[in-house]
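Topology and contacts: notes
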Amino acid sequence: RKFITFEYWREYLTELDYDELVYGHNRLSEIAENYPSASLGLIRFLYIIILKRMEIRDRSRSVNSVDIIFNFDCIGFTGTPFLDNYPTSDYIRHQREDDIPPSIDRSFYAYTSEELSQDEFENRFSQFQGQNSDVKVEYVSSDFMQESLKIGEMETLKEIFTREQENPKAESRKTTKAPFNAIVDLCGIFKLSTIEDVRSLVLEHFGPGCFHYIYHIDQSDGSDRMLCIKSKNDVTFDEEFYRDLCKRYGADLRHKIFFFVDNRNYIGKDVPYQLIYQRHFKLPLFVKSVVIAHDVEDFSKIWQAMGRSRTMNDTTFSIYKSNIPADMIKGNNGLGDIKTLPLTRLLYTKNCDCKMAGNLSSIYQTLIALYNLSQDSFYYSDDIVNSFIEKMEMTIQTKVKMLEDKIARVVLGTPVPARILEHIFLDKFRGSPNKAVATVELSHDMVNALARQIVKQKFEQRYPSGDVYDEFIRFLSGEQDSLMEISYTKQQQKQKQKQKAKSQDNDTMDVFDKKNQLTFAFKTDNYLDMSKNPNKDEARLTLSLPISVPIFEMQYYAEGCRKSIQVYPTIQFLYSHHIMGNYISEEVHRVGKGAADPQKFCADFVSTVFSRAASKDGMNGVDPD
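All residue numbers here refer to positions counted from 1 along the written sequence of the relevant chain. Selection of residues for local features in this predicted model requires a pLDDT of at least 70, selection of side-chain atom pairs for listing and counting requires 80 or more, and totals for whole chains, interfaces and linings are taken over all residues. In computing side-chain properties, one takes all heavy atoms of the structure into account and sets aside hydrogens as well as water.

Our next topic: the packing of aromatic side chains. Whether two aromatic rings pair depends on their centres lying within 6.5 Å, for rings of Phe, Tyr and Trp, where Trp uses its six-membered ring; planes under 30 degrees apart make the pair stacked, over 60 edge-to-face, and the rest tilted. Applying the stated criterion across every chain, the model contains 42 aromatic pairs. For the pair Phe-125 and Trp-303, a centre-to-centre distance of 6.1 Å together with 90° between the ring planes defines the contact as edge-to-face. Here the residue Phe-125 occupies a position in helix H7 (residues 118-129), and Trp-303 occupies one in helix H13 (residues 299-306), the gap between them amounting to 178 residues. Residues Phe-125 and Trp-303 agree in their burial class; the two are buried. Taking the centre distance of 5.6 Å and the plane angle of 80° together, the rings of Tyr-213 and Phe-241 count as edge-to-face. Residue Tyr-213 is found in strand S5 (residues 213-217), and its partner Phe-241 is found in helix H11 (residues 239-249); the two are separated by 28 residues along the sequence. The exposure classification of Tyr-213 matches that of Phe-241, with both residues buried. Here the aromatic cluster, defined as three or more aromatic residues joined through ring pairs, consists of Phe-108, Tyr-109, Tyr-111, Phe-121, Phe-125, Phe-128, Phe-299, Trp-303 and Tyr-348. The positively charged end of Arg-163 is found above the aromatic ring belonging to Phe-144, 3.8 Å away from the centroid. Only runs of H or I of at least four residues qualify as helices and only runs of E of at least two qualify as strands under DSSP, and these elements are numbered from the N terminus. When a residue's accessible area, from a 1.4 Å probe over protein chains only, is under 20% of the maximum for its type it is buried; when over 50% it is exposed; and in between it is partly exposed. Two conditions define a charge located above a ring, namely a distance within 6 Å from the ring centre to NZ of Lys or CZ of Arg, and an angle within 35 degrees of the ring normal.

Either a parallel or an antiparallel arrangement is found when strands of a sheet pair, and the pairing is made through backbone hydrogen bonds. Strand pairing is assigned whenever DSSP identifies at least 2 bridges connecting the two strands. With mixed pairing, the 9 strands of this open sheet are ordered in space as S7-S6-S5-S8-S4-S9-S10-S3-S11. Each of the sheet's edge strands pairs with one partner strand only, and the pair in question is strand S7 (234-236) and strand S11 (336-337). Sheet analysis places S5 next to strand S6 (residues 224-228), joined by 5 bridges and oriented antiparallel. Its bridge partner being in S6, Tyr-215 is matched across the sheet by Met-226.

What follows concerns unusual backbone geometry. Look at Met-394: it is not a glycine, yet its phi comes out positive at around 60°. Although it is not a glycine, Glu-559 adopts a positive phi angle of roughly 55°. With respect to the secondary-structure elements, Glu-559 resides in the loop between strand S12 (552-558) and strand S13 (561-567).

The next point concerns the confidence of the model for the protein. Values of pLDDT, which run from 0 to 100, indicate the predictor's confidence residue by residue. Averaged over every residue, the pLDDT of the protein is 79; residues scoring 70 or more account for 79%. At the level of individual helices and strands, the protein shows its lowest average pLDDT in strand S1 (residues 55-56), which scores 37, and its highest in strand S10 (residues 316-321), which scores 94. Residues are treated as being in contact if the distance between any of their heavy atoms lies within 4.5 Å. Scored below 50 in pLDDT, residues 480-494 shows 20 contacts in the model against residues more than four places distant or in partner chains. Confidence drops under a pLDDT of 50 for residues 499-510, and excluding neighbours within four residues, the segment shows 20 contacts in the predicted structure.

Our focus in this paragraph is the side chain of Asn-181. If you trace the backbone, Asn-181 turns up in the loop between helix H9 (153-165) and strand S4 (182-185). Reaching out from Asn-181, the side chain makes a polar contact with the backbone oxygen of Leu-285 at a distance of 3.0 Å. The contact partners of Asn-181, leaving out residues within four places of it in the chain, are Phe-211, Arg-254, Ile-257, Phe-258, Phe-259, Leu-285, Phe-286, Val-287 and Lys-288. N or O atoms closer than or at 3.5 Å make up a polar contact, with two conditions inside protein: a donor-capable atom paired with an acceptor-capable one, and, for residues adjacent in sequence, both atoms drawn from side chains.

In structure tokens form, the structure reads like this:
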């Protein structure tokens, strides 16, 4: 009810009192019965909530069951469920127990376990391509970036420019026309560089007679911008400006614009006027697109980045990728049909395997949604509100056992949900590259045991069993590499991804080398009890200790004497995104090793600070007391 906005009320529900509607105690069904004319407005509101809100809070957390009730397994190639793709609501409505109808068209999926012939693989990939059936690509090793990025981002971009121009198949290497005019940064290689940095490099490398403008996406509002290389004017790329460019350059416009596309921040945003340009001049606006995939393994993301060109059949592509097997790379020796290239097959089948497997959170939510279905309920109130507190109070095992008993009893004791769960397990397992998983025949007892083990694994209470259930859990966990899992709702994932992409400082934290990381470990039988006494909380005490290596220093002169200001961080401050990785040097590592004895650590800090101040200032302005 709190999601009913004043604007929505004013448009659809004015016959009701707004405060009573939003904050009152009457059920919505009672309101609809008392005010029949408001029913349509309330129904419309409920559809908005059900179909668009991915999570609604109730005590601890309420799982959205729509994906299961209407869909069954919520898997599309890009991982996004669409309700219209799932023709299975009739199955539930009539309580059917026969084979469940297909949940989604996966005829274009290609799994590693199928060991398809090349012709069959190309046939399935062609179905995936759709209208983009004639895409020409070359895969280029990006292993050189491991070293070039240590020098700088613009040095890496310059190396890409050089490699593309030295490509033996590149046309017009000796002319003022560049062999490519678009770069799509898929993985944030150039996240710390500004568009002015890119402009300077383009001008230096290609000269003033090549590109005249740089297309880019405004980082503050996502608008399309054009930066004039000569004047540095940065203007909106709108229809009026596009028409003016066409009048000036005609068909040669594509050789005058360098498209620099940051694919991290604005996924799915199209570069405008491509189709208009192609219809008018019979040419693609993207001459050649260079996609920087580097460490990206998800083929659907690579394909989406290629899709920044709306004319994929007419644009050629260089895809820079790291760790390419030696027998799967041709180097810069020419283009090939994307579906015939061995690396395409490797990446595509891996992607299909991963999308089918899902992850532990999704399969656990599937269990919860089936529980809701068996109870004719849309919401689920979890008794395990805070698993961390439950672990500290040592009640987690008992509550997990009660939860697994409840889910197994209710879900597997109801015919339709039980059949749905068995179908989901078998459907996923058939796509596993592990033959022991792919060929398994599930009995009712195995489904029961597996459902219980999923619940245990979700709350990190499962131990390896040394049998096929280990393989089941490993497969259903997807890309998760350990027993630890951080759960996010889809909305939280999007917010986290968006914030991370926009914050250059946060991105800097992620690239800390292991040599620039400090590690502290503490052992305790009951951290909750320890945390209640600040003087015994070792973790808290350690985080508050000051490090005797200044993070900032300023020297100045006052009254004829040289003085200095030095700023020293605490260990906790090293979590800050204001920290640069190279601050955590060998000296900081050496100092950090003394944190086990806080009293001695602080004494050493005072001694070191005064020694450093005395050496720099000759004790000017320093009081040794």
